Amino acid sequence: MSLSIAFAILGAALSAGLAGIGSAFGVKKVGEVGAGLISEEPEKFGRILFLQVLPGTQGIYGFLTAIMILQKAGLLGGSAKTLPLEVGVALLAASLTTGVVGLFSAIYQGAVAAQGVQILAKKPQEVGKAIIMSAMVETYAVLGLLISILSITSINY
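Residues numbered from 1 in each chain as written. Predicted model: local features only at pLDDT ≥ 70, side-chain atom pairs only at ≥ 80, totals over all residues. Heavy atoms only, no water.

Quick look at the pattern of salt bridges
Test applied: Counted as salt bridges are all cases of a side-chain nitrogen of Lys or Arg within 4 Å of a carboxyl oxygen of Asp or Glu. Under the scheme used here, helices are H or I runs from DSSP no shorter than 4 residues and strands are E runs no shorter than 2 residues, and both carry numbers assigned from the N terminus. Note on classification: 1.4 Å probe, protein chains only; a residue is buried when its accessible area is under 20% of the maximum for its type, exposed when over 50%, partly exposed between these limits.
Scanning all chains against the criterion turns up 3 salt bridges. Salt-bridge contacts for Lys28 lead to Glu32; the nearest nitrogen and oxygen are separated by 2.9 Å. Here the residue Lys28 and the residue Glu32 both occupy positions in helix α1 (residues 3-40), the gap between them amounting to 4 residues, near one helical turn. With its nearest N and O atoms 2.8 Å apart, the salt bridge here joins Lys129 to Glu126. On the accessibility criterion, Lys129 (52% relative accessible area) is exposed. Of the residues examined, Glu126 reaches a relative accessible area of 23% and is grouped as partly exposed.

Okay, structure coming up:
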């Protein structure tokens, strides 16, 4: 295996891994708070679940970025392309915006969504505001994903 392919694989792993770790932490945080409310008011499960799903999207973004990197390197389908070293490094670099931004934004989004569960507990009619506040954190994960996509698709060799 060439060093350039190793860099591409490392990029795919970092993108999916970092964003996935952030999503796991974020989803966990909302789940913990939500479980307490469900034990007292099980009818609020659907709205809590929606808040819990939000920090999980960063893991999906990391996974999509990883798939794009693996495809660009020719690793999907069984035959890796011969990549110049700078292309492998560029693919690694392109992975970092989705991976790093996904890691932190998912954790922070989980914290905001967990507070949203508290809003749901006290003022259920205001849950829309909790969702909007949580979705605002998502904006930065989407921007990170877009930069990764633009970077990956602009690499020519």
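Thoughts on the nonpolar core
Here is a general trend for soluble globular proteins: nonpolar side chains tend to be buried in one another's company. Basically, it comes down to this: Buried Ala, Val, Leu, Ile, Met, Phe, Trp, Tyr and Cys residues that are joined via side-chain atoms within 4.5 Å together make up what is termed a nonpolar core. For this analysis, residues touch if any pair of their heavy atoms sits within 4.5 Å.
Counting residues in hydrophobic clusters, the biggest one holds 12 residues: Ile5, Ala8, Ala12, Ala66, Ile69, Ala73, Leu83, Val87, Leu91, Ala94, Ile152 and Ile155. Among residues more than four places away in sequence, those in contact with Ala66 are Ala12, Ser15 and Ala16.

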